[in-house]
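Listed here are the chains, written in short residue letters.
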Amino acid sequence: MAEEWLGGLRNQLQEIAVRVDAAAGPERDAVKREIVTLFKRVDAALTGLAEIKEEIRALVDRYKQAGSAAEASAAPQFNGARPAVHADHLGASTYIEKGWSLISLGDYSGAIQALDRALSLSPGAIDATSLMGWAQMLNEDYDDALGNFSKVLMKEPANALARINVGYICLKKGIFGEAIEHLSKAIRLDNDRKATLYAHYYLGLVYLEREMYEDAQTFLRKTLKLGPNLIEAYFELGRALWLGGEREEAVQVWTAGYKANKFNPWAKRCQEMLDVAAAGGEVPRSPLA
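Residues numbered from 1 in each chain as written. Predicted model: local features only at pLDDT ≥ 70, side-chain atom pairs only at ≥ 80, totals over all residues. Heavy atoms only, no water.

1. A look at the overall build of the protein
Here is the rule: Counting from the N terminus, the helices are DSSP H or I runs at least four residues long and the strands are E runs at least two residues long. Type-normalised accessible area, obtained with a 1.4 Å probe on protein chains alone, sets the label of each residue: buried when under 20%, exposed when over 50%, and partly exposed for intermediate values. Working definition of accessibility: Shrake-Rupley area with a 1.4 Å probe, residue cover restricted to the visible protein chains.
Along the backbone of the protein there are 13 helices and zero strands. For the protein, the N- to C-terminal ordering of α and β elements is α-α-α-α-α-α-α-α-α-α-α-α-α. Taking all 289 residues of the protein together, 42% fall into the buried category. As displayed, the protein offers around 16,100 Å² of accessible surface, 53% of which is attributable to carbon and sulfur atoms.

Here you go:
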């Protein structure tokens, strides 16, 4: 249907175009009216489609927030700034905006294709490179993502979001020394609130993985001070306490995490840990389990 509708508009445009040069007198006025009518029709359609597009984005946000449909993930939440779309003779900005939209919608492979096209048109564009890193990281293409975030940091060393993403990737790959270096740098920069929050959280996970439970507890407590709504921090702090031998406090933290937002998938994991603890089961040692 969409192709037929667009084809009809294009045919109408071509019919008017054929008459433009030869139009004279009353025919010229008629052509003008048809051009104006066609323009208004297309403009109204574009406005309606833009509104539907925004409603789809809102629907996706509702879907992501629904606890029954969401999966707990340690990956950084995508919060890249929406790129400003501007006309350029290469058309790269259109693909950059499309990549941003597809990442927001969770279509990471589609975003990678769009951003690859953007980078082929505008090699080295920092916004496209950064978004490509996000899409690849969320698609678990960690080596490719690491390469792109490294390019971003070479041009923008103070880009704290890129730095915590590198830290997260290093954590996933088990490169703990580099993870600590990048996450600590993000904390020292302290130029992006969310980056600072996640830098503390991921440092907590790094020290959990290394079984340095007191250090893990320190960073995870600070995480909850900075972001009390980051429910996954309750889950991980509870594990750090439990594995560090402070089991009563671990139960208190998991209980607080569950009560903070019962519909959050991480709150449900807190409840799972409470059930495991009550049954005398084994609490997982890996923070990435």
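More follows now that the structure is in view.
2. Digging into helix 11 (residues 231-243)
Rules: In this analysis, the expected span of each helix is defined as 1.5 Å times one less than the number of residues it contains.
Between the first and last C-alpha of helix 11 there are 19 Å, a value that for 13 residues agrees with the 18 Å anticipated at 1.5 Å per step. Counting buried positions along helix 11 yields 13 of 13 residues, so the element is predominantly enclosed. Directly after helix 11, the chain includes Gly 245, whose backbone phi takes a positive value near 95°.

3. Side note on unusual backbone geometry
Look at Asp 190: it is not a glycine, yet its phi comes out positive at around 45°. Tracing the sequence through the fold places Asp 190 in the loop between helix 8 (176-189) and helix 9 (193-209). For Asp 190, a relative accessible area of 51% puts it in the exposed group. In this structure, Glu 211 is a non-glycine residue whose phi angle is positive, near 60°. Examined against the element boundaries, Glu 211 turns out to sit in the loop between helix 9 and helix 10 (213-226).

4. Regarding the packing of helix 6 (residues 142-155) against helix 7 (residues 160-173)
Heads up, the rule is: Lines are fitted to the C-alpha atoms to define the axes, a helix being fitted only along its stretch in contact, and any angle between axes, read from their N-to-C directions, falls within 0 to 180 degrees. Each angle is binned into one of four classes, with values under 35 degrees roughly parallel, values over 145 roughly antiparallel, values of 65 to 115 roughly perpendicular, and all other values oblique. Crossing handedness is defined as follows: a turn of the near helix away from the far one that is anticlockwise and smaller than a right angle gives a left-handed crossing, while the clockwise case is right-handed. Note on contacts: a residue pair qualifies if any of its non-hydrogen atoms lie within 4.5 Å across the two residues.
Between helix 6 and helix 7, the shortest axis-to-axis distance is 9 Å and the interhelical angle comes to 150°. One element, helix 6, and the other, helix 7, form an angle in the roughly antiparallel class. The chirality of how helix 6 crosses helix 7 is left-handed. Contacts between helix 6 and helix 7 pair Tyr 142, Asp 143, Ala 145, Leu 146, Phe 149, Val 152 and Leu 153 from the former with Ala 162, Arg 163, Asn 165, Val 166, Tyr 168, Ile 169, Lys 172 and Lys 173 from the latter.

5. A closer look at the confidence of the model for the protein
Here is the rule we go by: pLDDT measures how confident the predictor is about each residue, on a scale from 0 to 100.
Summing up the model confidence of the protein, the mean pLDDT is 86 and the portion of residues at 70 or higher is 87%. Between the elements of the protein, mean pLDDT differs from a low of 74, seen in helix 2 (residues 26-65), to a high of 97, seen in helix 10.

6. A closer look at the packing of helix 7 against helix 9
The line we're drawing: The classification used treats Ala, Val, Leu, Ile, Met, Phe, Trp, Tyr, Cys and Pro as nonpolar, Asp, Glu, Lys and Arg as charged, and all other residues, Gly among them, as polar.
Relative orientation of the contacting elements helix 7 and helix 9 amounts to 15°, with a least axis distance of 9 Å. Viewed along their axes, helix 7 and helix 9 adopt a mutual orientation that is roughly parallel. The two elements helix 7 and helix 9 meet at a crossing, and its hand is left-handed. Contact residues: helix 7 offers Ala 160, Leu 161, Ile 164, Tyr 168 and Leu 171, while helix 9 offers Ala 195, Tyr 198, Ala 199, Tyr 202, Leu 205 and Val 206. Across the contact of helix 7 with helix 9, the residue classes break down as 11 nonpolar, no polar and no charged.

7. Focus on the side chain of Ser 130
Along the chain, Ser 130 turns up in helix 5 (residues 126-138). For Ser 130, a relative accessible area of 17% corresponds to the buried category. Dropping the residues within four chain positions of it, Ser 130 is found in contact with Phe 149 and Val 152.

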